[in-house]
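Chain by chain, the residues:
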Amino acid sequence: MPDWTPPEPLAPTADGKLRGVLGGTALYDQPRHAEIRARVDAFVGADGPLAVEIGFDHGMRLLDHARRWPDIRWLGLEIRKRRVAAAAPHAPPNCFLWRADARTVFTAVLPPARVSWVYILFPTPTDNPRHLLLSPALVAAIRRVLAPDGAVYLATDVQGLHDHAAALFDGWPDAPSPPMGPVLSRRERVCARDGLPVYRLCRRAPESPPADGA
Ligand SMILES: C[S@@+](CC[C@H](N)C(=O)[O-])C[C@H]1O[C@@H](n2cnc3c(N)ncnc32)[C@H](O)[C@@H]1O
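Residues numbered from 1 in each chain as written. Predicted model: local features only at pLDDT ≥ 70, side-chain atom pairs only at ≥ 80, totals over all residues. Heavy atoms only, no water.

Engineer: It is not clear to me how the pattern of salt bridges should be interpreted in this structure. Could you clarify?
Structural biologist: For side chains of opposite charge, pairing can occur when their charged atoms come near one another. Going through the model one piece at a time under the given rule, you end up with 14 salt bridges. The residue D64 makes a salt bridge to R68 at a minimum N-O spacing of 2.9 Å. In this pair, D64 and R68 are both assigned in helix α2 (residues 60–68), four residues apart and thus about one turn of the helix distant. The exposure class of D64 is buried, given its relative accessible area of 14%. Among the residues examined, R68 registers a relative accessible area of 39% and is labelled partly exposed. (Salt bridge = Lys/Arg side-chain N within 4 Å of Asp/Glu carboxyl O. Helix = DSSP H or I, 4+ residues; strand = E, 2+ residues; numbered from the N terminus. Buried < 20%, exposed > 50% of the residue type's maximum accessible area, 1.4 Å probe, protein only.)

Encoded structure:
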């Protein structure tokens, strides 16, 4: 889908919340989610670098990374309930698989300057603005949670999606590749099998704070 162009992102609501997000960005402030919130906070707050993979699907790659790098804490975010339920029993103690919308988690759950690596592997090239993952709001949220030496890594076989991401991360310097094991994500296996090109970027946040303080 080389000619994909992003839909216009939905404007935030008057109170600054993101629209289109599963359950709303204030979801995990609600008492009924207090238990999962406490578990996530404890997992994220424990010692060790934190890596987050957005949209891990079957989770093969993420589970392999977690076993391969036991000193890193691996948080996987995926909105498909069944995928999470199937993968979660196989997660080692340094890996937490959570059925949650990454837009909410980055905006309202993760603490500032905590995350060493964000992996975004083959995000869906959607035409629905409510489902659009990569937006200025997500970039601002990633910037908020990245550690000073942290980086965001993105791979896609959709050139238009790569161009969209490159524009969103314009001004972010190139960064060294994050930990990368031999197990490929499902989509990357398809690309390798079918000889499809894969476009990648790995960036760190610019040093100066954004003008709006985000
Ligand atoms: C095209 S698939 C790619 C799956 C996998 N990363 C790969 O490389 O094969 C995109 C995945 O992201 C998940 N996803 C989409 N939007 C998401 C969001 N806002 N938060 C978490 N996961 C999301 C989808 O459910 C799907 O599993």
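Engineer: I'm lost on the sheet that holds strand β6 (residues 199–203) in this one. Help?
Structural biologist: In sheet architecture, strand pairing relies on hydrogen bonds along the backbone and comes in two forms, parallel and antiparallel. As summarised here, the arrangement of the six strands in space is β3-β2-β1-β4-β5-β6, forming an open sheet in which the pairing is mixed. One side of each edge strand has no neighbouring strand; the edge strands of this open sheet are β3 (95–99) and β6. Neighbouring strand axes in the sheet, compared pairwise and without regard to direction, differ in orientation by 15° on average. Set on the sheet, helix α5 (residues 136–145) makes contact with β4 (115–121) and β5 (146–156); between it and β5 the angle comes to about 140°. (Pairing = 2+ DSSP bridges. Axes fitted to C-alpha atoms, helices over the stretch in contact; angles between N-to-C directions. Contact = heavy atoms within 4.5 Å.)

Engineer: Just checking my understanding: could you explain the nonpolar core for this structure?
Structural biologist: Among soluble globular proteins, nonpolar side chains are generally buried collectively. W98, F106, L110 and I142 are the most contacted members of the largest nonpolar core, which has 41 residues in total. Per-element accounting of this core gives the leading share, five residues, to α5. When residues no more than four places from it in sequence are discounted, the contact partners of W98 are Y28, I36, V40, F56, G76, L77, E78, V84, V105 and V109. If you look at the next biggest cluster of nonpolar residues, it comprises 21 residues, including A51, L63, A87 and W117. (Core = buried A, V, L, I, M, F, W, Y, C linked by side-chain atoms within 4.5 Å.)

Engineer: Could you clarify how one ought to interpret the site of the ligand in this entry?
Structural biologist: Within the structure, the ligand sits among 17 residues, and G55, E78, L121, S185 and R187 are positioned closest to it. One nitrogen or oxygen atom from the side chain of E78 is found 2.5 Å from an oxygen atom belonging to the ligand. Within the backbone of R187, an N or O atom sits 2.8 Å from an oxygen atom of the ligand. Out of a free accessible area of 600 Å², the ligand has 87% covered by protein chains. At the level of secondary structure, the elements contributing two or more residues to the shell around the ligand comprise β2 (73–78), α4 (102–109) and α7 (186–194). Per-class residue counts for the shell around the ligand are seven nonpolar, three polar and seven charged. (Near = heavy atom within 4 Å. Polar contact = N/O pair within 3.5 Å; in protein donor to acceptor, adjacent residues only side chain to side chain. Areas by Shrake-Rupley, 256 points an atom, 1.4 Å probe, with all protein chains shown as cover. Nonpolar A, V, L, I, M, F, W, Y, C, P; charged D, E, K, R; others polar.)

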